[in-house]
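Here's the letter readout for the chains.
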Amino acid sequence: MTISRGARRPTIADVAQAASVSRTTVSHALNGIGKVDPRTRERIKKIAAELGYRPNLRAQRLRRGEARAIALASSMPFAVAGGPSRLGFYMEVAAAAAERALVHEYALVLIPPVQSGSALYSVDIDGAIVVEPAADDAAVAQLRERGLPYVTLGRPTAPDDDAPYVDLHGGRVVELLLDHLRAQGARRPALVVGAGTRHSSVDARAAYEHAAAAHGWTPVIATAPEDGGEQAGYDRCAALLAEHPDVDALCVLVDAFAVGAVRALRDAGRRIPDDTMVVTRYDGLRARTCEPPLTAVDLRLDRAAADAVELLLGRLGEQSAAEGEELATAAGTTGTTASAEGAGRGVSAPEPRLVVRASSLRHR
């Protein structure tokens with residue numbers, strides 16, 4: 001029951017004729033809508049597969065009012081999201097998210113770093129995953145203006161942002177790095193973070209200050225603007241070393257900053273790790289190719305990104321169910337909707353893992 005190679009593409013009418021049912025019944029059966037006997041539904045699906053029928057996705061989207069596409073967006077500037085990191089953090093998230101989205105027959109749209117302008121106004125999407133939003137995040141603002149649902153990868157820090165999120169364990173990551181530095185002999189570690197309000201910076205500061213109080217360190221915290229990239233890391237760390245010559249370890253959260261910190265240490269005549277150790281947050285290309293290679297953390301981004309997709313699609317499903325309930329209520333019937341609210345806003349990513357390398361390995 002197949003159409004010969006080179007013949008026209010089979011249509012819904014061909015499936016209806018072969019199954020001896022109406023085209024409406026075929027449409028309902030293949031789209032999982034309407035009241036179709038389960039045995040009839042399976043028979044129609046089998047016949048459609050044998051004929052090689054493929055639904056017109058554009059027509060489906062128009063009927064449903066869906067794009068069947070979700071976006072991955074971030075406001076991180078190119079200075080930290082581009083270069084080697086473009087092949088690291090962001091693309092690691094993108095690859096895992098795209099794979100999980102396709103399982104659910106959604107496409108993933110990659111949005112360049114959103115600073116201002118109309119990056120998210122011109123794309124046809126159903127919702128978005130925002131990577132580590134700042135408190136005044138431009139991507140979040142544009143999604144809200146469009147009325148599109150979103151979830152975040154990393155805890156949102158804006159007081160009024162109640163979006164569901166996947167927790168990347170910002171505080172725990174810094175605890176792992178600081179515990180390792182202490183085990184390697186550090187007694188005066190300093191923290192270098194981005195000047196913004198992303199959870200990774202906010203949570204890092206809190207974890208560092210807690211550790212400093214617990215272990216009797218004098219806190220030394222430096223910030224640098226994200227858009228300054230590697231050079232900003234170099235400049236800030238050079239100044240920090242001049243101001244605090246007794247610092248014996250640098251916990252530099254942004255990997256671009258960490259590469260700049262290594263240069264600053266060398267120019268100051270300091271040996272790594274003998275005089276000063278260096279660690280960073282993300283175990284990506286910058287950490288692995290730096291000389292010496294940098295101790296970092298495996299954030300388990302593949303799992304975290306897949307969880308973010310599931311969280312977003314769950315939110316889209318809730319929205320569709322709520323719209324269906326409104327229609328049912330208007331028609332005089334009742335229905336129920338599932339809600340993720342009972343499970344809480346945050347979903348924890350897998351536990352991060354320390355990856356120790358030469359930049360901090362004193363005790364062999």
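This structure is a prediction, so every number in the text was calculated from the model and none was measured.

Each value, and the rule that gives it
Note on numbering: residues in each chain are counted from 1, in written sequence order. Thresholds applied to this predicted model are a pLDDT of at least 70 for local features of residues and 80 or more for the giving and counting of side-chain atom pairs; totals over whole chains, interfaces and linings are not thresholded and use all residues. Note that the side-chain values use all heavy atoms of the structure and ignore hydrogens as well as water. Under the scheme used here, helices are H or I runs from DSSP no shorter than 4 residues and strands are E runs no shorter than 2 residues, and both carry numbers assigned from the N terminus. Relative accessibility under 20% of the residue-type maximum defines a buried residue, over 50% an exposed one, and the middle range a partly exposed one, all with a 1.4 Å probe and only protein chains included. Computed with a 1.4 Å probe, the accessible areas rest on the Shrake-Rupley method; for each residue, only the protein chains presented here act as cover. Here the nonpolar core consists of buried residues drawn from Ala, Val, Leu, Ile, Met, Phe, Trp, Tyr and Cys, with membership extended through side-chain atoms lying within 4.5 Å. Residues count as neighbours in contact if any of their non-hydrogen atoms are within 4.5 Å of one another. Pairing between two strands is assigned when DSSP locates at least 2 bridges connecting them. To obtain an axis, a line is fitted to C-alpha atoms, over the contacting stretch when the element is a helix, and the angle between two such axes runs from 0 to 180 degrees between their N-to-C directions.

(A) Main features of the overall build of the protein chain. Helix and strand counts for the protein chain stand at 13 helices and 12 strands. Counting every position in the protein chain, which comprises 364 residues, the buried fraction comes to 48%. With an accessible surface of roughly 17500 Å², the protein chain has 50% of that area assigned to carbon and sulfur atoms.

(B) Examining the nonpolar core more closely. With 77 residues, the main nonpolar core has Ile 70 and Leu 250 as its most contacted residues. Tallying contributions element by element places helix 13 (residues 301-330) first for this core, with 9 residues. In contact with Leu 250, other than residues within four places in its own chain, are Ala 190, Cys 237, Leu 240, Ala 261, Leu 265, Thr 276, Met 277, Val 278 and Val 279.

(C) The sheet that holds strand 8 (residues 249-252), seen in detail. With mixed pairing, 6 strands are arranged side by side in an open sheet as 7-6-8-9-10-12. Edge positions in the sheet fall to strand 7 (221-224) and strand 12 (353-355), since each of these pairs with one other strand and no more. In this sheet, adjacent strand axes meet at a mean angle of 20° when their direction is disregarded. Direction of pairing for strand 6 (residues 189-194) relative to strand 8: parallel, over a ladder of 4 bridges. Counted as the bridge partner of Leu 191 is Cys 251 from strand 8. Strands strand 6, strand 7 and strand 9 (277-282) of the sheet are contacted by helix 9 (residues 199-215), whose axis makes an angle of about 160° with strand 6. Each of strand 6, strand 7, strand 8 and strand 9 is contacted by helix 11 (residues 255-267), which is oriented at about 170° to strand 9, the strand it contacts most.

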